[in-house]
Amino acid sequence: MGTRRLHIIYGAVSFALLVLAVVGFSFYGSYKNKTQNLSEALSTRIAENENLTTQIESLESRLDKLEKDLTAKSTQSNSLESALTDLRKEIKTVASEKAKVEQERLSLAELTDSLKKEMEAKEIEITELKGRLTVNLMDKVLFDSGKSEIKRAGREVLNKIAKNLLNKYPDRAILVEGHTDNVPIGKGLSAKIASNWELSTARATSAVRYLQDHGAVAAERLSAIGYSEYHPIDTNDTKEGRAKNRRIEIVLLPPASPLSK
C-alpha cells in the first residue's frame with residue numbers, strides 16, 4: 001500500500017512536471033516568436049528611418065540649391081532692374097538731346113529764312129560742326145570799309161541773330177572773332193587804326209558790345225577776339241578771296257565748352 005501510494009505520488013509529480021514543461025515550452029516559443037517579430041519590426045523601422053533620413057538629406061540638399069538659385073536669380077533680377085533703369089535714363093537723355101538738336105535745326109532754319117536776302121548774296125554762311133554753330137558774316141554786312149562802327153543794316157542783322165539763335169541757348173557761351181585780309185591799313189586810316197590786329201579786334205569788340213547792349217545777350221556769355229589776317233579761309237591773292245577773309249564769325253559754343261561754364 002505504501003509502495004503504491006509512492007508510485008501514485010511519483011506519477012502525479014511527473015505529470016505535473018510534464019505539464020509545466022509543456023506550458024514552459026509553449027510560453028518560451030510564444031516569447032521567442034514575439035521577440036523575433038519585434039526584432040523584425042525594429043529592423044524594418046530602422047530601415048524606414050534610414051530611408052527617411054536619406055530623403056530628408058536629399059530634400060535639404062535640393063532646398064539649399066533652390067535657395068542659392070533664388071539668391072542668384074534675385075541678384076540677377078536686381079542687376080537687370082538696375083540695367084533697365086540706366087537704359088531708361090539713357091533713352092531719356094538721348095531723347096532730350098534729340099529734342100535740342102531738333103530745336104537747333106529749327107532755329108537755324110528760322111535764322112536762315114530771316115536772313116534769306118543776305119544768304120542769297122553769299123554774305124552770310126551758317127555752319128555746324130560737333131555742336132559748334134558758326135555764323136560767318138562778310139565784313140561789309142556789318143561795317144563800312146576800314147571802320148569798326150556797326151552800320152545800320154549790320155545792326156538789323158545782329159538783332160536777328162541774337163533773337164533767332166543766340167538767346168535761344170542761354171547756357172552756351174558765344175565767341176565773336178574778327179578777321180581781316182593781308183592788305184595793310186591805308187595811310188588815311190593808320191592814324192586811328194595801327195594795323196589789322198587792331199581792326200579785327202575792334203570789330204569783334206563792337207559786335208560783342210552791340211549784342212550785349214541791344215541784343216539782350218548776357219555779357220558773361222560773350223568773348224571777343226581778333227585774329228588779324230592769320231586765320232584766312234581763302235586765298236589773299238584774289239579780290240574774291242580777300243573779301244571772304246574779311247569777316248566776323250559769331251560762334252555758339254557747345255554746352256560742354258569751358259567757356260560755357
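Model, not experiment: these values are computed from the prediction. (Residues numbered from 1 in each chain as written. Predicted model: local features only at pLDDT ≥ 70, side-chain atom pairs only at ≥ 80, totals over all residues. Heavy atoms only, no water.)

Okay, helix 5 (residues 196-213) next. Between its terminal C-alpha atoms helix 5 stretches 25 Å, which fits the 26 Å expected from 18 residues at 1.5 Å a residue. Three or more residues of helix 5 are buried, namely N196, L199, S200, R203, A204, A207, V208, Y210 and L211. All buried residues of helix 5 lie within an arc of 165 degrees about the axis, which places them on one face of the element. Elements in contact with the buried residues of helix 5: helix 3 (139-142), helix 4 (152-164), strand 3 (174-179), strand 4 (222-226) and strand 5 (247-252). The N-terminus of helix 5 is capped by S195, whose side-chain oxygen sits 3.2 Å from the backbone nitrogen of W197. (Helix = DSSP H or I, 4+ residues; strand = E, 2+ residues; numbered from the N terminus. Expected span 1.5 Å × (residues − 1). Buried < 20%, exposed > 50% of the residue type's maximum accessible area, 1.4 Å probe, protein only. Arc of directions from axis to C-beta. Contact = heavy atoms within 4.5 Å. Polar contact = N/O pair within 3.5 Å; in protein donor to acceptor, adjacent residues only side chain to side chain.)

Further remarks concern the nonpolar core. Counting 28 residues, the largest nonpolar core has V135, L137, L166, I174, V176, L211 and I250 as its most contacted members. For this core, the secondary structure elements donating two or more residues are strand 1 (124-129), strand 2 (132-138), helix 3, helix 4, strand 3, helix 5 and strand 5. Of the residues forming this core, the biggest block, five residues, is contributed by helix 5. Apart from residues no more than four positions distant in its own chain, L137 is found in contact with E123, I124, L142, V157, I161, R246, R247, I248 and I250. (Core = buried A, V, L, I, M, F, W, Y, C linked by side-chain atoms within 4.5 Å.)

What follows deals with the pairing of strand 3. For strand 3, the buried fraction is high: six of the six residues fall into the buried class. Pairing of strand 3 with strand 4, which is carried by five bridges, proceeds in the parallel orientation. Bridge pairing in strand 4 links L175 to S223. Where strand 3 meets strand 5, six bridges bridge the pair, whose relative direction is antiparallel. Note on strand 5: the bridge partner recorded for G178 is I248. (Pairing = 2+ DSSP bridges.)

Right, let's talk about the pattern of salt bridges for a bit. One pass over the full model with this rule turns up ten salt bridges. K140 is the salt-bridge partner of E123, the closest N and O atoms lying 3.6 Å from each other. Residue E123 is located in the loop between helix 2 (116-120) and strand 1, and its partner K140 is located in helix 3; the two are separated by 17 residues in the primary sequence. Measuring nitrogen to oxygen at the nearest pair gives 2.7 Å for the salt bridge that ties D181 to R246. Residue D181 is located in the loop between strand 3 and helix 5, and its partner R246 is located in the loop between helix 6 (239-245) and strand 5; the two are separated by 65 residues in the primary sequence. One network of salt bridges, with partners in common, ties together D139, D181, R203 and R246. (Salt bridge = Lys/Arg side-chain N within 4 Å of Asp/Glu carboxyl O.)

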